[in-house]
Amino acid sequence: SMKNQIAAALLTLAVSVQLSARGSVAANTGYELPANELSLSYGRVGVPSFIYTMGGVLGTAFTGGFAKMSTCVSTGIVGLEYMRSVHPHVAVGGLVTYEDYLLGFDSRTGKDAEGKAVYSKGPVQNHHIFTVMPAVKFPWFSRPHVSMYSKLGVGMEFMYSLEVSVSGVDEDGNTHVDAV
């Protein structure tokens, strides 16, 4: 719906909330910059989820429809950043992020009476993606409510995956799930 598309578009823009702790660093402009900054952010589409989604689309295309991407869900990326000003033009700190991503494929098992493809439910992979990134920030324009800066960060990404598959449904309609 249009409401969901607008919400997704707004969430795609990383929303950041900054909190300044006690202390400050004097800037050349006469304003004082916070000595400590804590930022909480949210972003909608990350590189890993984009790569998984494109891989799923290409996998469906290259198998000629024998495999079909059935599940493609991301929580988005939640980030927490801390920066400490060590000089009016240099701050050091780091960023940690988390994203949960579900990806699943179904297998074509045949065709129905009308000739349409019939698929069996395949496993769903649950990827937990963590990023740890030390960073250096170089503020080059600062005013009381506006700051412009350049930031350099290099980090590592860690991923933990869990595969969940439906192994069957018994006579009472209970679903049995296997976690691998």
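All residue numbers refer to positions counted from 1 along the written sequence of the respective chain. Restriction of local features to residues with pLDDT of at least 70 applies here, the model being predicted, together with a cutoff of 80 or more for giving and counting side-chain atom pairs; totals for whole chains, interfaces and linings are based on all residues. To get the side-chain values, all heavy atoms of the structure are used, and hydrogens and water are removed first.

Along the protein chain, the regular secondary structure elements total two helices and twelve strands. Secondary structure elements follow DSSP: runs of H or I of four or more residues count as helices, runs of E of two or more count as strands, with numbering from the N terminus. The N-to-C order of helical and strand elements in the protein chain reads α-β-β-β-β-α-β-β-β-β-β-β-β-β. Considering the protein chain as a whole, with its 180 residues, one finds that 24% of them fall into the buried category. Partitioning the contacts of the protein chain with sequence separation of at least 6, the portion at a separation of at least 24 is 57%. Only the protein chains shown count as cover for residues, and all accessible areas are computed by the Shrake-Rupley method using a 1.4 Å probe. Counting every atom, the protein chain has about 11,800 Å² of accessible surface; 64% of that belongs to carbon and sulfur. The classification of residues rests on relative accessible area computed with a 1.4 Å probe and restricted to protein chains. Under 20% of the type maximum is buried, over 50% is exposed, and intermediate values are partly exposed. Should any heavy atoms of two residues lie within 4.5 Å, those residues are considered in contact.

Take the packing of aromatic side chains next. Note on aromatic pairs: the rings of Phe, Tyr and Trp (six-membered ring only in Trp) are paired at centre separations within 6.5 Å, and the planes decide the class, stacked below 30 degrees, edge-to-face beyond 60, tilted for the rest. Tallied over the entire structure, the rule returns one aromatic pair. Only when the NZ of Lys or the CZ of Arg is both within 6 Å of the ring centre and within 35 degrees of the ring normal is a charge said to sit over the ring. Against the face of Tyr119 rests Lys68, its NZ or CZ located 4.3 Å from the ring centre. Directly above the ring of Phe66 sits Arg108, whose terminal nitrogen or CZ lies 4.0 Å from the centroid.

Alignment of strand E4 (residues 36-43) against strand E6 (residues 77-87), held across eight bridges, turns out to be antiparallel. Of the residues in E6, the one forming a bridge with Leu40 is Leu80. Between any two strands, pairing holds if DSSP finds at least two bridges. Relative to strand E7 (residues 90-111), E6 runs antiparallel, the two sharing nine bridges. In the strand pairing of E7, Gly79 is matched with Thr97. If you look at the hairpin formed by E6 and E7, you'll find two residues sitting between the two strands.

Turning our eyes to something else, we now look at the confidence of the model for the protein chain. Reading predicted coordinates in detail is not appropriate for stretches of low pLDDT. As a per-residue measure, pLDDT tells how confident the predictor is, with possible values from 0 to 100. Taken as a whole, the protein chain shows an average pLDDT of 76; of its residues, 72% reach a score of 70 or greater. Mean pLDDT per element in the protein chain: strand E1 (residues 15-20) is the minimum at 44, and E6 is the maximum at 92. Contacts for the low-pLDDT stretch residues 12-22, under 50 throughout, to residues beyond four places or in other chains number 24 contacts. Note on residues 175-180: pLDDT under 50 across the span, and 19 contacts to partners over four residues away in sequence or across chains.

Turning next to the pattern of salt bridges. Salt bridge, as applied in this entry: a Lys or Arg side-chain nitrogen positioned within 4 Å of an Asp or Glu carboxyl oxygen. For the structure on display, the rule yields three salt bridges. For Lys137, the salt bridge identified is with Glu37, shortest N-O distance 3.1 Å. Remark: Glu37 occurs in strand E4 and Lys137 occurs in strand E9 (residues 124-142); sequence separation between them is 100 residues. With a shortest N-O distance of 2.4 Å, Glu81 and Lys151 are connected by a salt bridge. With Glu81 in strand E6 and Lys151 in strand E10 (residues 147-153), the pair connects residues that are 70 residues apart, well separated along the chain. Lys151 sits in the partly exposed class, given a relative accessible area of 37%.

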